[in-house]
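Tertiary structure, described
One letter stands for each residue in the lines below.
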Amino acid sequence: MILTVFLCFFSASVFASYVLIPMDADGQKEHLKAYGITYWTLAKHENVKWLLNYRGGSFLLPDTEALRKECQIRGVSFEVLSDAKTESILKEIESPSQNMEAVVLEKAPKIAVYTPDGSVPWDDAVTMVLEYAEIPYEKIYDREVLADELVLYDWLHLHHEDFTGQYGKFYGRYRAALWYIQEKKDAEALATDLGYDKVSQEKLAVATKISDYVIGGGFMFAMCSATDSFDIALSAAGVDICEPMFDGDASDANYQSKIDFSSTFAFKNFDLEKNPQRYEFSNIDTTPFRRVNNDADYFSLKSFSAKWDPVPAMLCQNHTALVKGFMGQTTAYNSEVLKPTVLVLGKNKSNGEARYIHGVKGKGFFTFYGGHDPEDYQHLVGDPKTELKLHPTSPGYRLILNNILFPAAKKKKQKT
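What counts and how
- Think of each chain on its own: its residues are numbered from 1, step by step along the sequence as written.
- Where local features are concerned, this predicted model is filtered to residues with pLDDT of at least 70; where side-chain atom pairs are given and counted, the filter is 80 or more; whole-chain, interface and lining totals use all residues.
- Side-chain measures here rest on the full set of heavy atoms in the structure, leaving out hydrogens and waters.
- Two kinds of site are reported from a 1 Å grid over the protein atoms alone, namely cavities, where a 1.4 Å probe fits but cannot get out, and pockets, open sets with protein on both sides within 12 Å along at least five of seven lines, and residues are called lining when an atom falls within 4 Å of a point.
- Grid points are joined across faces, edges and corners, and a volume is the space filled by probe spheres set on the points.
- Residues were grouped as follows: Ala, Val, Leu, Ile, Met, Phe, Trp, Tyr, Cys and Pro as nonpolar; Asp, Glu, Lys and Arg as charged; and all remaining residues, including Gly, as polar.
- Any two strands between which DSSP finds at least two bridges are classified as paired.
- A run of H or I in DSSP counts as a helix once it spans at least four residues, and a run of E counts as a strand once it spans at least two, with each numbered from the N terminus.
- For helices, the axis comes from a line fit to the C-alpha atoms of the stretch in contact; other axes are also lines fit to C-alpha atoms, and the angle between any two N-to-C directions lies between 0 and 180 degrees.
- Here, two residues are considered to be in contact whenever any of their heavy atoms come within 4.5 Å of each other.
- Should an angle fall under 35 degrees it is called roughly parallel, over 145 degrees roughly antiparallel, and 65 to 115 degrees roughly perpendicular, with every other angle called oblique.

1. What to know about empty space enclosed by the protein
- In this structure the tally under the stated criterion is 2 cavities of 30 Å³ or more.
- When its residues are assigned to classes, the lining of the largest cavity shows 6 nonpolar, 2 polar and 4 charged.
- In this structure, the second largest cavity occupies an estimated 40 Å³ of space.
- What lines the second largest cavity is simply Trp155, Phe219, Met220, Phe221, Phe365, Phe366, Thr367, Asn403 and Phe406.

2. Some details on the sheet that holds strand β2 (residues 48–52)
- Strand order in the open sheet made by the 5 strands is β4-β1-β3-β2-β5, with antiparallel pairing throughout. Each edge of the open sheet carries a strand with a single partner, namely β4 (79–81) and β5 (101–105). The mean angle between the axes of side-by-side strands here comes to 30 degrees, regardless of whether they run parallel or antiparallel.
- Both strand β1 (residues 18–21) and strand β3 (residues 58–62) contribute to a ladder of 4 bridges, which runs antiparallel. Along β3, the bridge assignment pairs Val19 with Leu61.
- Sheet strands touched by helix α2 (residues 31–43): β1, β2, β3 and β5. Its angle to β3, the strand with the most contacts, is close to 35 degrees.

3. Some points on the packing of helix α5 (residues 125–133) against helix α13 (residues 395–405)
- Two elements in contact, α5 and α13, have axes separated by 10 Å at closest approach and are oriented at 80 degrees. The pairing of α5 with α13 is recorded here as roughly perpendicular in orientation. Contact with α5, carried on its side by Ala125, Val126, Met128, Val129 and Leu130, involves Tyr397, Ile400, Leu401 and Ile404 of α13 and no other residues of that element.
- Per-class residue counts for the contact of α5 with α13 are 9 nonpolar, no polar and no charged.

Take a look at the structure:
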């Protein structure tokens, strides 16, 4: 009898009810891999509490021996909590005086990355961080999208794509490069195989399918040129905005006047860049007009009410409110062409530009994030890949991973 009581006491003392994965600057040494641990737990059909604004957006997970071992293997810092400590933390979070909330994460989202065959993970910041955090994903491209396979996924990331059929506007500088010539041939062959006369028509069909996916309740996250070229393609449906070097015939006369902004997600009243030699799509992007020194290029995250606006609060969880800026073909967004329904989550105040935005479309959600690589300030064609093991606490990459977990949460109606 005494032995039985002792064994029960010993068993209870070895494992507490919960493990806290801290996400503040001092408490966590592997912020990015911490998201992978959270995803790993959800994949085992265990619920997780995301503690918004508590120690940088920490995670509260059920305590198991397997969890502790996995944290140790991946180098993720964790704290074992007693029941009393857990209850104390949750009571603090529940207090009306605290801008905190405990959001329940219920499922591991099925993730799709829109990217062409032959691409490698370091082509794209999202695939890089998914690989580093050990979060599984599947690659899809035009053929799968047009076959309505998006319904199989909870979350979609758009590769740094040009949905306008202008091949990334690389013509001016790279038209003689072998990679550019080959990519153009491959895109034309794919469009023909799918039954389209032009790449621009095929890409519009893809963008329309993605739009339908979001309107139907999907979650879309896009970066760099995939953001503005997506909206431009939707706005130019039925209008030829491509010059002869792109599609073999002249563009429509006065095509700017024929643009329809009603179908776009985030942008309105923008002016298209008509010069095919210029590495720019429109005045949505602020890159040509930026007057920001590299060392001073930061953007600040907006503070939202975790209790009343949990959606934007989730997307802004970080261990710092100030994030180092980084460039891309589309670096940041001209505030003057943002639709009034768009939430600005991150902004460079000195330059008046939006860096990180979010919105609702139909039953779904979208997030646009300007720039190419949060840890490579000005990534150029041919530059070496970023080694994320050198940036395990990257605030810029954390914003990407916030979006990964977003579909796992029980949603409350947004009040903002």
